[in-house]
Amino acid sequence: MLPKRVWLGIEWLLHLLLQVETSVPDRRALITGATGLLGRAVYKEFLENDWDTVGCGYKRARPKFEKVNLMDPGAVRQIIQDFKPHAVIHCAAERRPDVAENQPEYTSQLNVTTSGCIAKESAEIGAFLIYVSTNYVFDGSHPPYRENDTPNPLNLYGKTKLEGERVVLQNHPGAAVLRVPLLYGNVEKLEESSATSLFGKVQCHSTVACIDHWQQQYPTHVADVARVCRQLSERRIQDPAIHGVFHWSGNERMTKYEMACTMADVFNLPSNHLRPVTGRPAVGAARPQDVQLNCSRLERMGIGQRTPFRVGVQRCLWPYLLDKQWRQTVFH
Ligand SMILES: NC(=O)c1ccc[n+]([C@@H]2O[C@H](COP(=O)([O-])OP(=O)(O)OC[C@H]3O[C@@H](n4cnc5c(N)ncnc54)[C@H](OP(=O)(O)O)[C@@H]3O)[C@@H](O)[C@H]2O)c1
């Protein structure tokens with residue numbers, strides 16, 4: 001006969017084993033573009049919320065992520081068949097409008113052909129797919145845009161993303177398309193987002209900086225979009241009818257000039273060297289003036305969060321503030 005203390009110990013061990021067994025996540029998510037600005041946030045969001053998560057990247061993949069060239073259909077098939085995800089969040093894309101204009105074939109292959117292939121493979125194993133798209137599918141002449149408004153992209157980037165939407169929904173009618181506007185968040189370098197890239201000019205007080213004050217933008221924090229992707233995937237597990245086009249966006253309208261002034265204000269830096277440029281930009285790919293997205297479909301579902309721009313930039317730009325000591329003496 002074992003002493004009571006030993007029995008209690010065995011009972012406690014069994015209890016622990018049971019807990020481990022039940023806490024193993026039985027939901028698997030595959031994140032493409034997990035090395036990119038949005039993908040990093042999406043990977044983190046799923047991982048921290050009990051999803052068994054695999055991220056893939058390409059040039060920056062090692063050592064944290066799987067290295068997969070998504071332009072190789074065999075490699076796409078292999079990762080999806082091997083991991084058998086319940087949800088695929090497809091963030092990889094060529095998203096720089098000027099690069100798209102100069103490299104149309106490469107952009108079309110990545111944004112359209114690859115997306116179609118990911119959709120086909122996801123449909124085959126019954127995985128939910130979120131294809132991240134852009135507000136640049138609209139021309140900006142009649143904002144705000146609802147999910148079923150007629151797209152009319154002005155530049156090649158927008159055209160390939162729209163074509164990507166169509167091929168995704170053709171190959172996987174149960175997929176979701178999530179359109180988002182200008183993104184910012186934790187960056188590996190300031191140039192990674194066209195919002196955070198303004199901070200270099202903001203900090204260079206000795207040089208006059210002319211900044212666009214024509215295009216209306218709705219800067220959106222990547223953590224907010226990541227939250228939407230996770231919530232939508234979880235809702236989909238409960239309700240298989242969820243599919244189609246969705247919009248998510250921050251709700252603070254500002255031009256790049258206004259974003260730069262806000263950054264200066266947040267860090268108590270001078271802004272009198274920043275100058276607004278009110279005309280349509282003459283160089284680069286054509287951009288729509290105001291592509292505000294109506295997000296009521298997700299809002300009605302109770303999905304989404306919005307980080308105030310001041311809070312978001314303070315967090316993500318702090319590491320790049322040159323004169324931290326000066327700011328500390330100002331604030332304390
Ligand atoms: N950024 C914005 O302001 C914005 C606005 C609206 C919509 N969006 C959409 O949001 C999504 C995410 O954008 P993002 O800003 O996060 O993009 P990003 O930072 O430029 O990241 C692009 C990702 O695609 C991956 N990739 C590129 N070529 C690949 C290939 N051949 N095989 C595998 N992976 C490849 C890159 O991997 P490596 O770097 O490891 O090679 C990287 O992870 C895109 O669909 C974009 O259209 C972005």
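Just so we're clear, the structure is a prediction, and the values are computed from it rather than from any experiment.

Reading the values: rules and limits
- Residues numbered from 1 in each chain as written.
- Predicted model: local features only at pLDDT ≥ 70, side-chain atom pairs only at ≥ 80, totals over all residues.
- Heavy atoms only, no water.
- Helix = DSSP H or I, 4+ residues; strand = E, 2+ residues; numbered from the N terminus.
- Expected span 1.5 Å × (residues − 1).
- Bend = angle between axes of the 7 residues up to and from the residue.
- Contact = heavy atoms within 4.5 Å.
- Salt bridge = Lys/Arg side-chain N within 4 Å of Asp/Glu carboxyl O.
- 1 Å grid on protein atoms, 1.4 Å probe; cavity = no way out; pocket = protein on both sides within 12 Å on 5 of 7 lines; lining within 4 Å.
- Points joined across faces, edges and corners; volume = space filled by probe spheres on them.
- Nonpolar A, V, L, I, M, F, W, Y, C, P; charged D, E, K, R; others polar.
- Near = heavy atom within 4 Å.
- Polar contact = N/O pair within 3.5 Å; in protein donor to acceptor, adjacent residues only side chain to side chain.
- Areas by Shrake-Rupley, 256 points an atom, 1.4 Å probe, with all protein chains shown as cover.
- Core = buried A, V, L, I, M, F, W, Y, C linked by side-chain atoms within 4.5 Å.
- Buried < 20%, exposed > 50% of the residue type's maximum accessible area, 1.4 Å probe, protein only.
- Axes fitted to C-alpha atoms, helices over the stretch in contact; angles between N-to-C directions.
- Parallel < 35°, antiparallel > 145°, perpendicular 65-115°, else oblique.
- Left-handed = near helix turned anticlockwise from the far one by under 90°.
- UniProt positions renumbered as here; feature names shortened; annotations may be inferred.
- Pairing = 2+ DSSP bridges.

*Asks:* How would you explain helix α5 (residues 104-125) if you had to name every residue and give the values?
*Replies:* Along its 22 residues, α5 runs 31 Å from first to last C-alpha, staying within 8% of the 32 Å computed at 1.5 Å per residue. When the local axis directions of α5 are compared, the greatest deviation, roughly 25°, occurs at L110. In this structure, the buried residues of α5 make contact with β1 (28-32), α3 (73-83), β4 (87-90), α4 (97-102), β5 (128-134) and α6 (156-171). Just past α5, the residue G126 takes up positive phi, approximately 75°.

*Asks:* I'd love a proper account of the pattern of salt bridges, names of residues and values included.
*Replies:* All told, the structure shown has 18 salt bridges when counted by the stated rule. A salt bridge links R27 to E234; the shortest N-O distance between them is 3.5 Å. Of the two residues, R27 sits in the loop between α1 (4-23) and β1 while E234 sits in helix α8 (residues 222-238), which places them 207 residues apart along the sequence. Across the pair R179 and E165 runs a salt bridge, and its minimum N-O distance is 2.9 Å. Separated by 14 residues along the polypeptide, R179 in strand β6 (residues 176-180) and E165 in helix α6 bring together distant segments of the chain.

*Asks:* Give a description of empty space enclosed by the protein that names residues and reports values.
*Replies:* Throughout the structure, instances matching the rule amount to one cavity of 30 Å³ or more. Taken as a whole, the largest cavity encloses approximately 40 Å³ of empty space. The wall of the largest cavity is formed by N135, Y136, P181, Q215, Q216, Q217, Y218, P288 and V291. Along the lines of polarity and charge, the residues of the lining of the largest cavity split into five nonpolar, four polar and no charged.

*Asks:* A description of the layout of surface pockets should follow, citing residues and the corresponding values.
*Replies:* Here the second largest pocket is characterised by a volume of approximately 370 Å³. In terms of lining residues, the second largest pocket is bounded by 19 residues, among which A41, K44, N186, H221 and A223 are the most central. Among the elements of the structure, α2 (37-47), α8 and α11 (309-317) are those that each provide at least two residues to the lining of the second largest pocket. Ranked by residues supplied to the lining of the second largest pocket, first place goes to α2 with five residues.

*Asks:* Outline the site of the ligand, listing residues and values.
*Replies:* If you check the shell around the ligand, you find 27 residues, and the closest are T35, L38, K59, Y157 and K161. Between the ligand and G33 there is a distance of 3.3 Å, counted from an oxygen atom to a backbone nitrogen or oxygen. G36 has a polar backbone atom sitting 3.1 Å from an oxygen atom of the ligand. Isolated, the ligand exposes 910 Å² of accessible area, and the fraction of that covered by the protein chains is 91%. Of all the secondary structure elements, the ones that give two or more residues to the shell around the ligand are α2, β5 and α6. Considering each element in turn, the shell around the ligand owes the most residues, three residues, to β5.

*Asks:* I'd love a proper account of the nonpolar core, names of residues and values included.
*Replies:* Grouped together as the largest cluster of nonpolar side chains are 69 residues, with contacts concentrated most on I31, I89, L178, F199 and L232. The element best represented in this core is helix α9 (residues 256-266), accounting for seven residues. One finds L30, F83, A92 and A119 within the second-largest nonpolar core, a separate group that totals 22 residues.

*Asks:* Can you explain the packing of α5 against α6? Please cite residues and give values.
*Replies:* A pair of packed helices can be characterised by two numbers: the angle between their axes and the separation between those axes. For the pair α5 and α6, the least separation of the axes is 8 Å and the interaxial angle reads 20°. Put simply, α5 runs roughly parallel to α6. Viewed along their axes, α5 and α6 form a crossing whose handedness is right-handed. Residues P104, T107, S108, N111, V112, S115, G116, A119, K120 and A123 of α5 form the contact with α6, whose own contacting residues are L156, Y157, T160, K161, E163, G164, V167, V168 and N171. Split into classes, the residues belonging to the contact of α5 with α6 amount to eight nonpolar, eight polar and three charged.

*Asks:* Break down the UniProt feature "domain: RmlD-like substrate binding" (unreviewed entry) in the protein for me, with residues and values.
*Replies:* Listed under "domain: RmlD-like substrate binding" (unreviewed entry) in the UniProt record, and renumbered for this structure, are residues 28-320. Along residues 28-320 one finds 39% helix and 15% strand; the C-alpha atoms at either end are 35 Å apart.

*Asks:* Break down the sheet that holds β5 for me, with residues and values.
*Replies:* The seven strands lie next to each other as β3-β2-β1-β4-β5-β6-β10, forming an open sheet whose pairing is parallel. The open sheet has two edge strands with one neighbour each: β3 (66-67) and β10 (244-247). Bridge count for β4 against β5 is four bridges, and the pairing is parallel. Residue pairing across strands places H90 opposite Y131, the latter belonging to β5. Strands β1, β2 (52-57) and β3 of the sheet are contacted by α3, whose axis makes an angle of about 160° with β1.

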